[in-house]
Amino acid sequence: MLQYLIAAGVGSVGIADHDVVSLSNLHRQVLYNTSDIGKPKVSVAAAKLRLMNPDTQLTEYKILLDKNNCLEIIEEYDIIVDCTDNFASRYMINDACVLKGKPVVYGAVSRFEGQVAVFNVRQEGKERTGNYRHLFPEQPEPGEVMNCAEAGVLGVLPGIIGSMQANETIKLITGIGEPLVNQLLTFDSINNRQFIYNYTPNKDAAGL
């Protein structure tokens, strides 16, 4: 996903991740290779992306995004792209973006299936579009639903979903096409089936 945004000429990009590259990442995080194992993901990614497009301003956040820093970092950007792999982070990012009035390009993967949506977009003369809590009001209890790290994922699937997220981000930046607002796209890699579900935001259920 990052490669496509940088190659497209997005002017300013921030990358937040506290983790280091591990061997188990390499089948799905193709920006990295075996020589990067043990190095900070953010630093390695930024170095390689700068070679692709030195004109993009890249900011590195080698931190765990949490409630103490999330609002401050999100404030600096026009569009937030959620590529996290756990429910706690997704709900935190969603709620912070609702508070700050920032659109979110959401993507999630698990095993052979992925989802993409665009949340909290300001539409001229209308309220902001639905957010993550309008679809999923409450965070699952620990152990109730497996996240990506627990369930595993087919290696090519994050690339497919990430490309879709990059596409939606570019559409928001340029104002072309129809972003996936008030819609949820699902993709099943086993049979190549793709569906788009329309939903009506439930303001009461969301609690925001």
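Refer to the structure printed above.
Residues numbered from 1 in each chain as written. Predicted model: local features only at pLDDT ≥ 70, side-chain atom pairs only at ≥ 80, totals over all residues. Heavy atoms only, no water.

1. Digging into the environment of K41
The topology assignment puts K41 in helix α2 (residues 41-52). Sequence separation between K41 and S22 is 19 residues; the distance between their C-alpha atoms is 9.2 Å. Discounting chain neighbours no more than four positions away, the residues touching K41 are D17, D19, V20, V21, N25, Q29 and Y32. (Helix = DSSP H or I, 4+ residues; strand = E, 2+ residues; numbered from the N terminus. Contact = heavy atoms within 4.5 Å.)

2. A few points about the side chain of S189
Within the secondary structure, S189 sits in the loop between β6 (183-188) and β7 (193-198). With residues near it in sequence (within four places) discarded, S189 still touches F112, L154 and L157.

3. Here we look at the nonpolar core
Within soluble globular proteins, side chains that are nonpolar tend to cluster in buried spots. Among the nonpolar cores identified, the biggest contains 20 residues, and I74, I80, C97, Y106, F119 and Y132 are the most heavily contacted of them. Of all the secondary-structure elements, those providing two or more residues to this core are α3 (70-74), α4 (87-100), β4 (104-110) and β5 (113-119). Ranked by residue count, the leading element in this core is α4, at six residues. Apart from the residues lying within four places of it in its own chain, the contact partners of Y132 are F87, R90, Y91, N94, Y106 and F119. Counting 16 residues, the second largest nonpolar core, distinct from the first, contains Y32, V42, A45 and A166. (Core = buried A, V, L, I, M, F, W, Y, C linked by side-chain atoms within 4.5 Å. Buried < 20%, exposed > 50% of the residue type's maximum accessible area, 1.4 Å probe, protein only.)

4. Things to note about the sheet that holds strand β3 (residues 80-82)
Ordered by their spatial adjacency, five strands build an open sheet running β3-β4-β5-β6-β7, and the pairing between neighbours is mixed. The sheet is open, and its two edges are formed by β3 and β7, each paired on a single side. Across the sheet, the mean angle from the axis of one strand to that of its neighbour is 15°, orientation sign disregarded. As paired elements, β5 and β6 share four bridges and run antiparallel to each other. Along β6, the bridge assignment pairs V116 with L185. (Pairing = 2+ DSSP bridges. Axes fitted to C-alpha atoms, helices over the stretch in contact; angles between N-to-C directions.)

5. What to know about the environment of N182
By the element assignment, N182 lies in the loop between α7 (157-174) and β6. With 127 residues separating them along the chain, N182 and D55 place their C-alpha atoms 34 Å apart. Apart from residues lying up to four places away in sequence, N182 is in contact with V118, T129, G130, Y197, N198, Y199 and P201. A distance of 2.8 Å separates a polar atom in the side chain of N182 from the backbone nitrogen of G130. (Polar contact = N/O pair within 3.5 Å; in protein donor to acceptor, adjacent residues only side chain to side chain.)

6. A word on the pairing of strand β2 (residues 57-61)
Bridge count for strand β1 (residues 12-16) against β2 is five bridges, and the pairing is parallel. Considered in β2, the bridge of I15 is made with E60. Running through α2, the crossover from β1 to the neighbouring parallel element β2 is right-handed. (Right-handed = clockwise from strand over helix to strand, strands pointing away.)

7. A short note on α4
Between its first and last C-alpha atoms α4 spans 20 Å; for 14 residues at 1.5 Å apiece the expected length is 20 Å, and the two agree. Within α4, 10 of the 14 residues are buried, which leaves it mostly tucked inside the rest of the structure. Along α4, the residues that are buried comprise F87, S89, R90, Y91, M92, I93, N94, D95, A96 and C97. N-capping of α4 is provided by N86, with a side-chain oxygen placed 3.4 Å from the backbone N of A88. (Expected span 1.5 Å × (residues − 1).)

8. Some points on the side chain of D188
Structurally, D188 is set in strand β6. Among buried Asp, Glu, Lys and Arg side chains, D188 stands out as unpaired, with R193 the closest opposite charge at 6.5 Å. Side-chain polar atoms of D188 contact the backbone nitrogen of I190, separated by 3.0 Å. There is a polar contact of 3.5 Å between the side chain of D188 and the side chain of N191. Excluding residues that lie within four positions of it along the chain, D188 makes contacts with F112, E113 and R193. (Lys, Arg positive; Asp, Glu negative; His and termini not counted. Salt bridge = Lys/Arg side-chain N within 4 Å of Asp/Glu carboxyl O.)

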